[in-house]
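# Commentary on secondary and tertiary structure
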Amino acid sequence: MKQYCFILMPFGKKSDNIGKIIDFDYIYSTIIKPAVTNAHLSPIRADEEITSGIIHKPMFERLLLCDYAIADLTTANANVFYELGIRHGIRPHSTILIFAEGMRLPFDVSYLRALPYKLDNYGTPLEENVFKDNIFKYLKECRNPKVDSPVYQLVENMPIMDIARLKTDTFRDYVEYSKSIKDKLRIARSDGPSAVKQIQKELEPVRNTDPAILIDLFLSYRAVKDWGAMVTLTCKMPPILAHTVMVREQLGFAHNRLGDHSKAEKILKELINKHGASSETNGILGRVYKDLWMKTLKKERNILKAKGFLKKSIDCYLEGFEADWRDAYPGINAVTLMEMTDPIDTRQKNLIPVVQYAVERRIASKNTDYWDLASLLELNILSRNQEQANTALSEALTLIREKWEPETTVNNINMIIDIRRTRGEPVEWIEEIKKELDKA
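Right, let's walk through the structure included here. Computed from a predicted model, the values in this text were never measured in an experiment.

This part is about the overall build of the protein. What the protein contains, in helices and strands, is 20 helices and seven strands. Counting only C-alpha atoms and orienting by the principal axes, one finds that the protein spans roughly 80 × 50 × 40 Å. Relative to its 440 residues, the protein shows a buried fraction of 52%. Taken as a whole, the protein presents about 21,000 Å² of accessible surface, with 53% of it coming from carbon and sulfur. Mean positive and mean negative side-chain charge positions of the protein (63 and 61 charges, respectively) differ by 3 Å.

Below, the structure is given as structure tokens:
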């Protein structure tokens, strides 16, 4: 059986101290994971065990019991440093530190023998094979244990915990169980809501389930559009998990999809009042007001009330964009809804280039996703640039992951088509784009 190597690092795309976007998922999957596998170890990544900043029992077990660990200190992520402190206090050796060159760290890691790696101006790793080989080399050296923990280096007669007696088959079985459940959920998301619910039955009572699995289950219900199951599952979660920002945001999202807009608004406004504006929370609340605007306009036919919700939505999206100019999602929604005002909101002309710059910087990182290209597509439609819109469309179609993603884009395009048709503008070329997204 292979020994485990625990990977402590940020996940997703994060910015460093100078605003450079770094795709840590790419670094993990193309460099760190292969290096660990080549060293005949089984990698376990920290983000698979940690959810919304919660440190829980499985996390401590992995920090304690994994024979090897790699900690990426890039961006000085608070969770990573906390976990590294625990690891250094427990294990005297076999912990490797890595970081991006040029990154300002909160302390000097040179005496800790940290392994640097190079990034280009777009946050993409350079000399990938060299970096991979260096990690492999360090892991091999760790098989001849040498104290690398500053705690054990500096504190004389520091007692070393007997890890061997704590290693049991239970730990290994639990790790393998977690992986198997996540694999099942990955398959179930393709099979639909009933398949996901069947896995939840296997986990009952869910309150005793690993939080990382619960979050995966929660987001699987979102992927299959079972909003009611998301709400029900939240009620069964441990309170500390149910009240994390991410779970509360997605709970608000689910209530909105169920048509309970007032409940969604209450949850999301409480988050903003407590934690401040953010591109994610404001983006979801902006969608709540957007849905209320459309419902009031089409079902109630109350034009004055609808205008009020439209303004609320634009302001909410704009506040989210201003909270983080790098996240174009609330920005693109703001400029699209500005197209719906009569006359067109004068701020739109100045905002479109700003939002487009944010999108282009993410695309330039070479680690783009569907939403980046979908945003660029929408911006080019708003700017009436047919050629560039078609170019963005062709690339966006290759990056679709979930069926609901192009559906969201189509909803916005439909609004643009409708409003421009009432103004007498040609919309045939936009309708062709919509048809391609409908087929995706």
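We are not done yet, so read on.
The next point concerns the pattern of salt bridges. Applying the stated criterion across every chain, the model contains 27 salt bridges. For Arg45, the salt bridge is made with Asp25, and the minimal N-O distance between the two is 2.9 Å. Of this pair, Arg45 sits in strand E4 (residues 41-45) while Asp25 sits in helix H1 (residues 24-38), and the two are 20 residues apart along the sequence. For Arg45, a relative accessible area of 5% translates into the label buried. Of the charged contacts, one joins Asp216 and Arg189 as a salt bridge, the two residues approaching to 3.3 Å between their closest N and O atoms. You can see Asp216 sitting in helix H8 (residues 211-223) and its partner Arg189 sitting in helix H6 (residues 169-191), a full 27 residues away along the chain. Among the ionic contacts, a cluster of salt bridges with common partners joins Glu339, Arg384, Arg420, Arg423 and Glu425.

On to helix H12 (residues 261-275), then. Between its first and last C-alpha, H12 extends 21 Å over 15 residues, near the 21 Å set by a 1.5 Å rise per residue. Residues His261, Ala264, Glu265, Ile267, Leu268, Leu271 and Ile272 constitute the buried set of H12. Considered in projection along H12, the buried side chains sweep an arc of 165° and stay on one side of the axis. Projecting away from the buried face of H12 at angles above 90 degrees are the exposed residues Ser262, Asn273 and Lys274.

Here Lys290 is to be found in helix H13 (residues 279-300). Here Lys290 occupies a buried position and makes no salt bridge, while the nearest side chain of opposite charge, Asp291, is found at 6.2 Å. If near-sequence neighbours (up to four positions away) are discounted, Lys290 is found in contact with Ser313, Tyr317, Asn333, Leu337, Asn412 and Met415.

Counted residue by residue, strand E5 (residues 68-72) has five buried out of five residues, so it is predominantly covered. Here E5 shows two buried faces, one formed by Tyr68, Ile70 and Asp72 and the other by Ala69 and Ala71. In this structure, strand E1 (residues 3-8) lies alongside E5, joined through four bridges in parallel fashion. If you follow Leu8 over to E5, its bridge partner there is Ala71. Pairing geometry for E5 and strand E6 (residues 95-100), over four bridges, is parallel. Its bridge partner lying in E6, Ala71 is registered against Leu97. Taken together, E5, helix H3 (residues 78-90) and E6 constitute a β-α-β crossover, and its handedness is right-handed.

This next bit is on the layout of surface pockets. Space inside the second largest pocket adds up to approximately 610 Å³. If you trace the second largest pocket, you find 20 residues lining it, with Trp293, Leu297, Leu310, Met340 and Ile419 closest to the centre. No other element matches helix H14 (residues 303-323), which puts six residues into the lining of the second largest pocket. Of the residues in the lining of the second largest pocket, the class split is ten nonpolar, two polar and eight charged.

One pass over the structure, following the stated rule, counts zero disulfides. We note that Cys66 lacks a disulfide partner, and the nearest cysteine sulfur, in Cys5, lies 7.6 Å from it. Here Cys142 is not disulfide-linked; the sulfur of Cys5 is the nearest cysteine sulfur, at 8.4 Å. Overall, the relative accessible area of 12% leaves Cys142 in the buried class.

So, about the packing of aromatic side chains. Considering all chains together, one arrives at six aromatic pairs under this definition. Ring centres of Tyr317 and Tyr329 lie 6.4 Å apart, and the angle between their planes is 85°; on these two criteria the pair is classed as edge-to-face. Within this pair, whereas Tyr317 is found in helix H14, its partner Tyr329 is found in helix H15 (residues 328-338), the two being separated by twelve residues in sequence. Members of the aromatic cluster, connected to one another through ring pairs, are Tyr370, Trp371 and Trp404.

Further remarks concern unusual backbone geometry. Looking along the chain, the bond that leaves Glu204 and enters Pro205 is cis, with omega of -5°. Note that Pro205 resides in the loop between helix H7 (193-203) and H8. Geometrically, the link from Asp342 to Pro343 is a cis peptide bond, its omega value of 0° lying close to zero. Unusually for a residue other than glycine, Lys225 sits at a positive phi of about 65°. Its place among the elements puts Lys225 in the loop between H8 and helix H9 (227-236). With relative accessibility at 35%, the residue Lys225 sits in the partly exposed group. Despite not being glycine, Arg301 shows a phi value in the positive range, around 55°. Residue Arg301 is classed as exposed on the basis of its relative accessible area of 67%.

Moving on to the packing of H12 against H13. One can describe the packing of H12 onto H13 by two numbers: an axis separation of 9 Å at closest approach and a directional angle of 150°. Considered as vectors, H12 and H13 are oriented roughly antiparallel to each other. Where H12 crosses over H13, the handedness of that crossing is left-handed. Along its contact with H12, which presents His261, Ala264, Glu265, Leu268, Lys269, Leu271 and Ile272, the element H13 presents Thr281, Asn282, Ile284, Leu285, Val288, Tyr289, Asp291, Leu292 and Lys295. Here the residues of the contact of H12 with H13 are counted per class, giving nine nonpolar, three polar and four charged.

How each quantity is defined
- Residues numbered from 1 in each chain as written.
- Predicted model: local features only at pLDDT ≥ 70, side-chain atom pairs only at ≥ 80, totals over all residues.
- Heavy atoms only, no water.
- Helix = DSSP H or I, 4+ residues; strand = E, 2+ residues; numbered from the N terminus.
- Buried < 20%, exposed > 50% of the residue type's maximum accessible area, 1.4 Å probe, protein only.
- Areas by Shrake-Rupley, 256 points an atom, 1.4 Å probe, with all protein chains shown as cover.
- Lys, Arg positive; Asp, Glu negative; His and termini not counted.
- Charge placed at Lys NZ, Arg CZ, Asp CG, Glu CD.
- Salt bridge = Lys/Arg side-chain N within 4 Å of Asp/Glu carboxyl O.
- Expected span 1.5 Å × (residues − 1).
- Arc of directions from axis to C-beta.
- Contact = heavy atoms within 4.5 Å.
- Pairing = 2+ DSSP bridges.
- Right-handed = clockwise from strand over helix to strand, strands pointing away.
- 1 Å grid on protein atoms, 1.4 Å probe; cavity = no way out; pocket = protein on both sides within 12 Å on 5 of 7 lines; lining within 4 Å.
- Points joined across faces, edges and corners; volume = space filled by probe spheres on them.
- Nonpolar A, V, L, I, M, F, W, Y, C, P; charged D, E, K, R; others polar.
- Disulfide = S-S within 2.5 Å.
- Phe/Tyr/Trp six-rings, centres within 6.5 Å; stacked < 30°, edge-to-face > 60°.
- Axes fitted to C-alpha atoms, helices over the stretch in contact; angles between N-to-C directions.
- Parallel < 35°, antiparallel > 145°, perpendicular 65-115°, else oblique.
- Left-handed = near helix turned anticlockwise from the far one by under 90°.

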